[in-house]
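# Geometric and topological summary
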Amino acid sequence: MKIAVPREAKVNEPRVPVVPEGVAMLVQMGAEVGVEAGVGETVNALDSSYEEAGASVVGDRATLLGDAEVVLRLNPPPTEEVEMLAAGTVHISHLDPFFNQELVRALAARQVNAVCIELIPRTTLAQKMDALSSQASLAGYVAVVLAAERLAKTYPMMMTPAGTLRPSRVFVIGAGVAGLQAIATAKRMGARVNAFDTRPVVEEQVKSLGAKFVKINLGDTGQTEGGYARELTAEQLEMQRQGMAKVCAAADVVITTAKLFGRKPPLIIDADTVAKMRPGSVIVDMAASEHGGNVAGTRFNEEVEVGGVRIIGLDNLPGRVAAHASQMYSNNLVNFLTHFWDDEAKSMRLDRDDEIMAGALITCGGQIISERLNKHYAGE
């Protein structure tokens, strides 16, 4: 089976889909791997490294994609490049399908079998393929480091002959994968950490990392079958904002992590709360995107100051540790392919009876087969 790994088309994307070590694993499985020239240069992986791993280096993207049976990417492909793919090609990448209807319809029309990385089920079996979690973990780490760079204070308590410096207070909102990594990182750096999540079940995890769990009575919240926090009602969001206002006012750093896949992120820190924070405080809005953010005043891919409070809404936090982010994403893809690999045929099985493939495959046979997407596109 021919597997193609093109360069990322997204501007200023330093991560790469597959690193040389991943290529070596695929070649060992029996795949023929072709990579576009320069695919790994942003993480200092030279073309020669890919060749040593067993890949062929192709200079022309159209040729690479046209010959492929499987295409591995990180970001959604440009819609105009879908025409380069042969019918029946398996395309695996992030697709952001709820906001990329034109792309999804183009993939279906071209009869491409599109696997959406974001829709891989959150199960124990699929954990090693879960790119959302692998990248979110790194984003949580980066958020804490970014805040430390911008804060005019140290994180840890320091006792010196010149006096004692009190530890900075970090408040993490959301204790999913990104939030838990942010909590752990801030604690390792010596900060005093508070955390909040709408799911009471995560309180034990927060405490195990040495942080204090902030309790706000929101009534019935719970979590989805996939382990994500459920979307709150307007009334619950307001109760949450009021409950967090005091904690935010006392914090030096606030990190928000509330993303809702396929929907705009909820506003959880309003302008009044920002106004109550001390000048010099830092907010990292990890949910910042073209579709909004968690914080009033966030500007996507910018840093702004509002009343002396710095609000960071920078894009692609995992890309700031691109080498490790690429390594983890590459492992996610290799694990996905391994799960569906036929050793005798030396090819990938498109097994729609498998719960992982059933969840992630969104186009097949010229149709959009995801019931969830079809309902969304129909406005239901």
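Because the structure is predicted, anything quoted here is derived from the model rather than measured.

### Things to note about the overall build of the protein chain
Regarding its fold elements, the protein chain presents 12 helices and 19 strands. The C-alpha radius of gyration computed for the protein chain amounts to 22 Å, which stays within 12% of the reference 21 Å derived for 380 residues, consistent with globular compactness. Considered along the principal axes of its C-alpha atoms, the protein chain spans approximately 65 × 50 × 35 Å. A total of 380 residues make up the protein chain; the buried ones form 52% of that total. Partitioning the contacts of the protein chain with sequence separation of at least 6, the portion at a separation of at least 24 is 62%.

### Thoughts on the packing of aromatic side chains
With the rule as written, the count across this model stands at 2 aromatic pairs. For the pair Phe98 and Phe261, a centre-to-centre distance of 5.3 Å together with 90° between the ring planes defines the contact as edge-to-face. Of this pair, Phe98 sits in the loop between strand 5 (90–93) and helix 4 (101–109) while Phe261 sits in the loop between strand 12 (253–256) and helix 9 (271–276); the two residues are 163 residues apart in sequence, bridging distant segments of the chain. Under the relative-accessibility criterion, Phe98 is labelled buried at 10%. Here Phe261 falls in the partly exposed class, since its relative accessible area comes to 26%. On the basis of an interplanar angle of 50° and a centroid distance of 5.0 Å, the ring pair of Phe336 and Phe340 is categorised as tilted.

### Things to note about the sheet that holds strand 2 (residues 32–36)
Ordered in space as 3-2-1-4-5-6-18-19, the 8 strands form an open sheet in which the pairing is mixed. Edge strands, defined here as strands with exactly one partner in the open sheet, are strand 3 (56–58) and strand 19 (367–368). One ladder, built from 2 bridges, connects strand 1 (residues 2–5) with strand 4 (residues 70–72); its direction is parallel. By the bridge assignment, Ala4 is partnered in strand 4 with Val71. Across the sheet, helix 10 (residues 322–339) is in contact with strand 1, strand 4, strand 5 and strand 6 (113–116); its angle to strand 5 comes to roughly 145°.

### Considerations on the packing of helix 5 (residues 131–150) against helix 6 (residues 177–188)
Contact geometry for helix 5 and helix 6: axes closest at 7 Å, N-to-C directions at 35°. Here the hand of the crossing between helix 5 and helix 6 comes out right-handed. Between helix 5 and helix 6, the residues in contact are Ser133, Ala136, Ser137, Gly140, Tyr141 and Val144 and Val177, Ala178, Gln181, Ala182, Thr185 and Ala186, respectively. Class assignment of the residues belonging to the contact of helix 5 with helix 6 gives a composition of 7 nonpolar, 5 polar and no charged.

### As for the sheet that holds strand 14 (residues 303–306)
Across the sheet, which stays open at both edges, the 7 strands sit in the order 11-10-9-12-13-15-14 with mixed pairing between neighbours. On the outer flanks of this sheet lie strand 11 (212–213) and strand 14, each paired with one strand and no other. Bridging between strand 10 (residues 192–196) and strand 11 involves 2 bridges; their strand directions are parallel. Following the sheet pairing, Ala195 is matched in strand 11 by Phe213.

### Overview of the pattern of salt bridges
Tallied over the entire structure, the rule returns 20 salt bridges. Residue Arg61 pairs with Glu36 through a salt bridge whose shortest N-O separation is 3.6 Å. Here Arg61, found in helix 3 (residues 61–66), pairs with Glu36, found in strand 2; they are 25 residues apart in sequence, far enough to count as distant. Accessibility classification places Arg61 together with Glu36 in one group, the buried group. Between Glu302 and Arg299 there is a salt bridge, and its shortest N-O distance comes to 4.0 Å. By relative accessible area, which is 37% here, Glu302 ends up partly exposed.

### Here's the deal with the nonpolar core
Ile3, Leu72, Ile92, Phe336 and Met348 are the most contacted members of the largest nonpolar core, which has 43 residues in total. If you list the elements that add at least two residues to this core, you get strand 1, helix 1 (20–29), strand 2, strand 4, strand 5, helix 10, helix 11 (355–360) and strand 18 (361–364). Per-element accounting of this core gives the leading share, 6 residues, to helix 10. Excluding residues within four positions of it along the chain, Ile3 makes contact with Leu26, Ala31, Glu32, Val33, Gly34, Val70, Leu72, Leu337 and Trp341.

### Overview of the environment of Asp67
Mapped onto the elements of the fold, Asp67 is located in the loop between helix 3 and strand 4. Measuring from C-alpha to C-alpha, the distance between Asp67 and Ala31 comes to 13 Å, with 36 residues separating the pair along the chain.

### Observations concerning the pairing of strand 18
Taken together, the 2 bridges between strand 6 and strand 18 define a ladder with antiparallel strand orientation. Paired with Val115 across the bridge in strand 18 is Leu361. Strand direction decides the pairing type here: strand 18 and strand 19, joined by 2 bridges, are antiparallel. By the bridge assignment, Thr363 is partnered in strand 19 with Ile368. Taken together, strand 18 and the strand that follows it, strand 19, pair antiparallel across an intervening segment of 2 residues, in which Gly365 is found at a positive phi of about 60°.

### Regarding helix 10
In an α-helix, one turn spans 3.6 residues; hence positions three or four apart end up facing the same way. In this model, helix 10 (18 residues) spans 25 Å end to end at C-alpha, consistent with the 26 Å of a helix rising 1.5 Å per residue. Turning to helix 10, its buried residues are Ala322, Ala325, Ser326, Tyr329, Ser330, Asn332, Leu333, Val334, Phe336 and Leu337.

### Observations regarding helix 6
Taking 1.5 Å as the rise per residue, helix 6 with 12 residues should run 16 Å; its terminal C-alpha atoms sit 17 Å apart, in good agreement. Of all the residues in helix 6, the buried ones are Ala178, Gly179, Leu180, Ala182, Ile183, Ala184, Thr185 and Ala186. On its buried face, helix 6 is in contact with helix 5, strand 9 (169–173), strand 10, helix 7 (203–208) and strand 12. Just downstream of helix 6, Gly190 is the residue with a positive phi angle, here 95°.

The rules behind these values
Residues numbered from 1 in each chain as written. Predicted model: local features only at pLDDT ≥ 70, side-chain atom pairs only at ≥ 80, totals over all residues. Heavy atoms only, no water. Helix = DSSP H or I, 4+ residues; strand = E, 2+ residues; numbered from the N terminus. Rg over C-alpha atoms; globule rule 2.2 N^0.38 Å. Buried < 20%, exposed > 50% of the residue type's maximum accessible area, 1.4 Å probe, protein only. Contact = heavy atoms within 4.5 Å. Phe/Tyr/Trp six-rings, centres within 6.5 Å; stacked < 30°, edge-to-face > 60°. Pairing = 2+ DSSP bridges. Axes fitted to C-alpha atoms, helices over the stretch in contact; angles between N-to-C directions. Left-handed = near helix turned anticlockwise from the far one by under 90°. Nonpolar A, V, L, I, M, F, W, Y, C, P; charged D, E, K, R; others polar. Salt bridge = Lys/Arg side-chain N within 4 Å of Asp/Glu carboxyl O. Core = buried A, V, L, I, M, F, W, Y, C linked by side-chain atoms within 4.5 Å. Expected span 1.5 Å × (residues − 1).

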